[in-house]
Amino acid sequence: MFSFFKKKKEKKIIEEEIEQNVIDDSVNEDEQNEIFKASQDVVEETQKEDIEKDKEEEYAEEQQTPELDTLETAVQNVEEPKIEELEESIEEVQEETEVQEVKEEKKGFFAKALSKTFDNFKSIIPQKKVKIEFDVIEELLIESDMEYSIIEKAMDGLPELISRKDLRHRLVMLFEHAPKVDMQNRPSPFVELIIGVNGAGKTTTIAKLANRYKQSGKSVLLGAGDTFRAAAIEQLSTWADKIDVPIIKTKQGHDASAVAYDTISSAVAKNIDHVIIDTAGRLQTQTNLSNELKKIVKVCNKAHEGAPHQKLMILDGTQGNTAIAQAQAFNEMVGIDGIIVTKLDGTAKGGALFSISNQLELPIFFVGVGEKQDDLVEFSPDEFVDSLLDGIYTAE
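What you see is a predicted model; the values in this text were computed from it and never measured. Numbering of residues starts from 1 in each chain and follows the order in which that chain's sequence is written. The model is predicted, so local features are restricted to residues of pLDDT at least 70 and side-chain atom pairs to those at 80 or more, both for listing and for counting; the totals for chains, interfaces and linings are taken over all residues. Side-chain metrics in this entry use all non-hydrogen atoms of the structure; hydrogen atoms and water are not considered.

**Student:** Kindly report on the packing of aromatic side chains, identifying the contributing residues and their values.
**Tutor:** Each pair of aromatic rings taken from Phe, Tyr and Trp, with Trp reduced to its six-membered ring, is defined by centres within 6.5 Å and is described as stacked if the planes are under 30 degrees apart, edge-to-face if over 60, and tilted in the remaining cases. Summed over all chains, the structure comprises eight aromatic pairs. Judged by centre distance (5.8 Å) and plane angle (85°), the rings of phenylalanine 110 and phenylalanine 384 are edge-to-face. In this pair, phenylalanine 110 sits in helix H2 (residues 29–113) while phenylalanine 384 sits in helix H13 (residues 381–390), placing the two residues 274 residues apart along the sequence. Both residues of the pair, phenylalanine 110 and phenylalanine 384, belong to the buried class. Taking 5.5 Å as the distance between ring centres and 55° as the angle between the ring planes, the aromatic pair formed by phenylalanine 354 and phenylalanine 384 counts as tilted. With phenylalanine 354 in helix H12 (residues 352–360) and phenylalanine 384 in helix H13, this residue pair connects regions lying 30 residues apart in the sequence. As far as the burial class goes, phenylalanine 354 and phenylalanine 384 line up, both buried. Here the aromatic residues Phe110, Phe175, Phe354, Phe379 and Phe384 are joined through ring pairs into a cluster of three or more. Note on geometry: a ring has a charge over it if NZ (lysine) or CZ (arginine) is within 6 Å of the ring centre and within 35 degrees of the ring normal. The residue whose ring lies beneath arginine 186 is phenylalanine 190, and the NZ or CZ to ring-centre distance is 4.3 Å. Secondary structure elements follow DSSP: runs of H or I of four or more residues count as helices, runs of E of two or more count as strands, with numbering from the N terminus. When a residue's accessible area, from a 1.4 Å probe over protein chains only, is under 20% of the maximum for its type it is buried; when over 50% it is exposed; and in between it is partly exposed.

What follows is the structure, encoded as structure tokens:
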């Protein structure tokens, strides 16, 4: 474009030179006309060339823009999937990290629960080892209050020197007899009947369970169904106030099944997610206790078909294998669906959990440690066994 104006300026200079007779006088008029005409032809030809060149440049610019757009689009198409893949990878890493953190937290919780068991282990095996003698492992399991018939089952066929991997596999298998429970597809309200002897930690465990549900965003309603003891009603009411959940209660001596019915009916009317009902752990006779529990189960089903959806037995971890007899007695009365073990941190009998699960063929849902409302963790055979083996084996 600039060359066009340059040529135009040169033409003007030539014309001015001709007009001012700058051309040599020796050239006659006809020759001057021919020179002038030739110069005009040159200028016109130059102008045409410049115009054609400008058009070509403009056309090239027009053609270049779509190419750039196409290139940018192509770059975007390449970059966008890469960004999405990167974001997905970051999310996967974060999820894996969170899962690992939960596992480590559980292992820490079980390590705390097994602290007294570990103290007993140290008297038998002061230093951790890569492989441990068969007889030493057997002694350790006996010391942890695992029944000998279970020990024989776990140790059968193992070599004289036992690695962590081999022992871990055998111990985890001891929990496989317990049926798998679907913890996801639960009806609403989900009714749980809490069963156990007095002193096992029923009231505290109910509060921990209710707090756990509440922290997960679910609504909870408690039922003070242990009407045999006034203290049981007061204790559960105190916990309900502390964790800020509603409770249905009556006076001591009133019909426990009526409390269960009112609790479930209220939960249905108010669209409550979880109902947890306490029950008596002791009456005047074992027969009276059995009859009352059976009556409560029937009334629960009348209040809401299918209820109670779970009957959970609370076992005192300090009782070791003697707790199995308690569970068997209650199981014969109403049928137990699962176990919650309490006070595990107060005993050196951590191995009793293998016997409890294996002999009763019931799942252990939770383990309680301490008196705080958050001191309840979902039981995992893998994490439990890993924590136990951390006390005697060196890191792999």
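**Student:** So what's going on with the packing of helix H9 (residues 256–269) against helix H10 (residues 286–303)? Which residues, and what values?
**Tutor:** The geometry of H9 relative to H10 is characterised by a closest axis approach of 9 Å and an angle of 25° between their N-to-C directions. By the angle between their axes, H9 is roughly parallel relative to H10. Of the two possible hands of crossing, H9 and H10 adopt the one that is right-handed. Taken together, the residues of H10 that come into contact with H9 (itself represented by Ala256, Ser257, Ala260, Tyr261, Ile264 and Ser265) are Glu292, Lys295, Ile296, Val299, Cys300, Lys302 and Ala303. Across the contact of H9 with H10, the residue classes tally to eight nonpolar, two polar and three charged. Here an axis means a line fitted to C-alpha atoms, over the contact stretch when the element is a helix, while the angle between two N-to-C directions is reported on a 0 to 180 degree scale. Roughly parallel means an angle under 35 degrees; roughly antiparallel means over 145; roughly perpendicular covers 65 to 115; every other angle is labelled oblique. By definition, any crossing whose near helix is turned counterclockwise from its far helix by less than a right angle is left-handed, and any crossing with a clockwise turn is right-handed. Residue contacts follow a heavy-atom distance rule, with two residues in contact if any of their heavy atoms lie within 4.5 Å. Polar here means any residue other than Ala, Val, Leu, Ile, Met, Phe, Trp, Tyr, Cys and Pro, which are nonpolar, and Asp, Glu, Lys and Arg, which are charged; Gly is therefore polar.

**Student:** Any details on helix H8 (residues 230–243)? Residues and values, ideally.
**Tutor:** Expected helix span is taken as 1.5 Å per residue step, with the number of steps being one fewer than the number of residues. Look at H8: 21 Å from first C-alpha to last across 14 residues, which is about the 20 Å you get at 1.5 Å a residue. Taken as a whole, H8 has its buried residues at Ala232, Ile233, Leu236, Ser237, Trp239, Ala240 and Ile243. Along H8, the residues classed as buried sweep out an arc of 165° about the axis, all on the same side. Facing away from the buried surface of H8 by more than 90 degrees, the exposed residues are Glu234, Thr238, Asp241 and Lys242. It is the directions from the helix axis to the C-beta atoms whose arc is reported.

**Student:** An account of empty space enclosed by the protein is requested, with residue identities and associated values reported.
**Tutor:** In the cavity and pocket records, a cavity denotes points on a 1 Å grid over the protein atoms alone where a 1.4 Å probe fits but cannot get out, a pocket denotes an open set with protein on both sides within 12 Å along at least 5 of 7 lines, and lining residues are residues with an atom within 4 Å of a point. Grid points are joined across faces, edges and corners, and a volume is the space filled by probe spheres set on the points. Following the criterion strictly, the structure yields one cavity of 30 Å³ or more and no others. Here the largest cavity defines a volume of roughly 40 Å³. Among the elements of the structure, helix H4 (134–143), helix H6 (164–173) and H13 are those that each provide at least two residues to the lining of the largest cavity. When its residues are assigned to classes, the lining of the largest cavity shows eight nonpolar, no polar and no charged.

**Student:** Mind laying out the nonpolar core, listing which residues take part and the relevant values?
**Tutor:** What we call a nonpolar core is a set of buried Ala, Val, Leu, Ile, Met, Phe, Trp, Tyr and Cys residues that are connected through their side-chain atoms within 4.5 Å. Residues Ile137, Leu171, Ile339 and Phe384 are the most contacted members of the largest nonpolar core, which totals 57 residues. With six residues, the single largest contributor to this core is helix H11 (residues 322–334). Filtering out sequence-adjacent residues up to four positions away, phenylalanine 384 remains in contact with Phe110, Leu114, Phe175, Leu344, Gly350, Leu353, Phe354 and Phe379. In this structure, Ala224, Ala240, Leu312 and Phe366 belong to the second largest nonpolar core, which totals 23 residues.

**Student:** So, the layout of surface pockets: which residues are in play, and what are the values?
**Tutor:** Computed from the structure, the largest pocket encloses a volume of approximately 450 Å³. Along the walls of the largest pocket sit 19 residues, with Lys180, Pro363, Ile364, Phe379 and Pro381 positioned nearest its centre. When contributions to the lining of the largest pocket are tallied by element, the ones reaching two or more residues are strand E9 (364–368) and H13. Of the voids in this model, the second largest pocket is the one considered here, and its volume is about 390 Å³.

**Student:** With reference to specific residues and values, describe the pairing of strand E6 (residues 274–278).
**Tutor:** Buried residues dominate E6, accounting for five of its five residues. On E6, burial covers both faces: His274, Ile276 and Asp278 on one face and Val275 and Ile277 on the other are all buried. We call two strands paired when DSSP finds no fewer than two bridges between them. Relative to E6, strand E3 (residues 190–195) runs parallel, the two sharing five bridges. Across the sheet, valine 191 pairs through a bridge with valine 275, a residue of E6.

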